[in-house]
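# Coordinates in review
Single-letter residue listing:
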Amino acid sequence: MAREQRIQLGREQGIQESKVEMARKMLGVVDEDTISQITGSSLEEVRRLR
């Protein structure tokens, strides 16, 4: 894997981790549909965080 590809993969993983962290913080405060819309995660992904 080329260096640039590894860097891009790392960025994508960081973005995904940020989305999960944000969704976890919103659980119990905001409904699942809104969390899904804000984070771009599917409803199924949001529900798995519970």
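Further up the page is the structure itself.
Here is a short report on the structure shown in this document. Numbering of residues begins from 1 in every chain and follows the order in which that chain's sequence is written. Only residues with pLDDT of at least 70 are given local features in this predicted model, and only at 80 or more are side-chain atom pairs given and counted; all residues enter the totals for whole chains, interfaces and linings. The basis for every side-chain value is the complete set of heavy atoms in the structure, and neither hydrogens nor water enter the calculation.

## So, the side chain of threonine 39
Going along the chain from the N terminus, every DSSP run of H or I of four or more residues is numbered as a helix, and every run of E of two or more is numbered as a strand. The residue threonine 39 is located in helix 2 (residues 32-39) in this model. Owing to a relative accessible area of 4%, threonine 39 belongs among the buried residues under this scheme. Here a polar contact means two N or O atoms within 3.5 Å. Within protein one must be a hydrogen donor candidate and the other an acceptor candidate, and residues neighboring in sequence count only if both atoms are side-chain atoms. Within the structure, the side chain of threonine 39 is placed 2.8 Å from the backbone oxygen of isoleucine 35, a separation counted as a polar contact. A distance of 3.1 Å separates polar atoms of two side chains, one belonging to threonine 39 and the other to serine 41. Residue contacts for threonine 39: discarding those within four places in its chain leaves Lys19, Met22, Ala23 and Met26. For every residue, the accessible area (1.4 Å probe, protein chains only) is compared with the maximum for its type, and the residue is labelled buried under 20%, exposed over 50%, or partly exposed between those bounds. Residue contacts are counted whenever heavy atoms from the two residues lie within 4.5 Å of one another.

## What to know about the pattern of salt bridges
One speaks of a salt bridge when a side-chain nitrogen belonging to Lys or Arg is within 4 Å of a carboxyl oxygen belonging to Asp or Glu. Across all of its chains, the model carries 4 salt bridges by this definition. When the shortest N-O distance is used, the salt bridge between lysine 25 and glutamate 21 registers 3.3 Å. Taken together, the positions of lysine 25 and glutamate 21, both in helix 1 (residues 3-26) and 4 residues apart, correspond to about one turn of that helix. Classification of lysine 25 as exposed rests on a relative accessible area of 62%. The salt bridge involving glutamate 32 is made with arginine 47; its shortest N-O contact spans 2.8 Å. Of this pair, glutamate 32 sits in helix 2 while arginine 47 sits in helix 3 (residues 43-48), and the two are 15 residues apart along the sequence. A residue is classified by how much of its surface remains accessible, and glutamate 32, at 19% relative accessible area, is buried. Residues joined in a network through salt bridges with shared partners are Glu32, Arg47 and Arg50.

## Quick look at helix 2
Considered for burial, the residues of helix 2 that qualify are Glu32, Ile35, Ser36 and Thr39. Projected down its long axis, helix 2 shows its buried positions confined to an angular sector of 100°, all on one face. Those residues of helix 2 hidden inside the fold are in contact with helix 1 and helix 3. Where helix 2 begins, the capping side chain belongs to aspartate 31, and its oxygen is found 3.1 Å from the backbone nitrogen of aspartate 33. Downstream of helix 2 by a residue or two, glycine 40 has a phi angle that is positive, lying close to 80°. Arc, as used here, means the arc of the directions from the helix axis to the C-beta atoms.

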